[in-house]
Amino acid sequence: MSSTASETASASSFDGRVALVTGGASGIGRAITEKLVAAGARVAVWDVREDRLAELADRHGERVLTQVVDVSDKAQVDAAADLVQSQWGGIAHLVNNAGIIGKRMTLADLDAGELERVLSVNLKSVFYVTAAFATRAGSFADRSVVSMASIAARTGGMVGNMAYAATKGAIVTLTHAFSKELAPHVRVNALAPGIIDTEIQLDSLGDPAAVAALADVIPLQRLGAPAEVAEAAVWLLSPASSYISASVLDVAGGR
Ligand SMILES: NC(=O)c1ccc[n+]([C@@H]2O[C@H](COP(=O)([O-])OP(=O)(O)OC[C@H]3O[C@@H](n4cnc5c(N)ncnc54)[C@H](O)[C@@H]3O)[C@@H](O)[C@H]2O)c1
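Residues numbered from 1 in each chain as written. Predicted model: local features only at pLDDT ≥ 70, side-chain atom pairs only at ≥ 80, totals over all residues. Heavy atoms only, no water.

- Naming follows an unreviewed UniProt entry, where the protein chain appears as SDR family NAD(P)-dependent oxidoreductase of Neoaquamicrobium sediminum.
- Quoted verbatim from the Sequence similarities (unreviewed entry) heading of the UniProt record, the comment on the protein chain is "Belongs to the short-chain dehydrogenases/reductases (SDR) family." (UniProt positions renumbered as here; feature names shortened; annotations may be inferred.)

Spelled out as structure tokens, the structure:
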């Protein structure tokens, strides 16, 4: 396969760098992992999907370090971060991407257990993983974080997805808070995807036709592709965005 000038330029921009992608076995996280590997990084991938992690390991060999980690469990996060540090020395880039939509629930049928689950997987994990990253710089001086928020942070999400939306709003808040605490050597930004064609949409709506119909509410008249979000994530992680911190970038087709 021939490569363009820009592919050649980006192919070396993560040489020698270590990245960590949570929820990197599927969807947007998988697309980010693929782009980081293509750009020269070694990528630690944490996910609960053992089968998909195994596929990634088969495909990329020693360029990836796959670990079954439930990011809502602080002890698992700390142990996994220790392993990355002992194998690769430190972590230069973090993508807080793992997330679940949760069961639909309204105020009338609030389920405390489900609320706790969504808060733990989507939000507490961001505290745990970012804290584990913060103390494991190794020899990397310039570092960066991208967290996956959502336009649901400002729209409140679809009715029934309020717990999910609340976690995404909090991720925007944490982007500002972390960017101050970790400056000047770590830049911290967030992406706010709109409706991206991954399994999370099917988990939410349960029907591929209903997912496809969402194109009608998007000005660009189509769902986004995981690779389009990954492109923005890799740019925000890279030195190309060296003066950008505490920003939230919509990747939402104009929505
Ligand atoms: N797809 C969209 O339309 C959309 C829009 C806005 C934001 N997002 C956000 O993007 C991120 C990625 O979502 P996606 O659309 O790729 O969904 P996805 O379901 O394809 O991928 C999510 C990944 O996270 C993993 N995961 C779930 N719980 C975990 C846990 N406890 N520990 C570790 N890994 C866990 C899953 O196994 C999966 O591989 C999520 O944070 C999501 O909220 C997605």
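1. Some remarks on the pairing of strand β2 (residues 42–47)
- With respect to burial, β2 is a largely interior element, five of its six residues being buried.
- The pairing of strand β1 (residues 18–22) with β2 spans five bridges and is parallel. Within the sheet, the bridge partner assigned to L20 lies in β2 and is A44.
- The sheet contact formed by β2 and strand β3 (residues 64–68) spans five bridges and is parallel. (Buried < 20%, exposed > 50% of the residue type's maximum accessible area, 1.4 Å probe, protein only. Helix = DSSP H or I, 4+ residues; strand = E, 2+ residues; numbered from the N terminus. Pairing = 2+ DSSP bridges.)

2. Topic: the sheet that holds β3
- The sheet built from seven strands is open, its strands ordered β3-β2-β1-β4-β5-β6-β7 with parallel pairing. Both edges of this open sheet fall to β3 and β7 (248–251), since each of them pairs with a single strand only. Between one strand axis and the next, the sheet turns through 15° on average, direction left out of account.
- As paired strands, strand β5 (residues 143–148) and strand β6 (residues 186–193) are joined by six bridges and run parallel to one another. Paired with S147 across the two strands is A190, which belongs to β6.
- Along the sheet, helix α7 (residues 162–182) makes contact with β5, β6 and β7, crossing β6 at roughly 165°. (Axes fitted to C-alpha atoms, helices over the stretch in contact; angles between N-to-C directions. Contact = heavy atoms within 4.5 Å.)

3. Thoughts on unusual backbone geometry
- In the segment running from A183 into P184, the intervening peptide bond is cis, with an omega of 5°.
- Located in the positive-phi region is Q221, a residue other than glycine, with phi close to 65°.
- The residue A246 is not glycine, and still its phi comes out positive at about 65°.
- Accessibility expressed as a relative area gives 22% for A246, which makes it partly exposed.

4. Looking at the packing of helix α5 (residues 112–134) against α7
- Where α5 contacts α7, the two axes come as close as 9 Å, and the packing angle between them is 15°. Classified by the angle between their axes, α5 and α7 sit roughly parallel to one another. Taken as a pair, α5 and α7 cross one another with a handedness that is right-handed. Two secondary-structure elements touch here, α5 through L115, V118, L119, N122, L123, V126, F127, T130 and A134 and α7 through A163, Y164, T167, K168, A170, I171, L174, F178 and L182. (Parallel < 35°, antiparallel > 145°, perpendicular 65-115°, else oblique. Left-handed = near helix turned anticlockwise from the far one by under 90°.)

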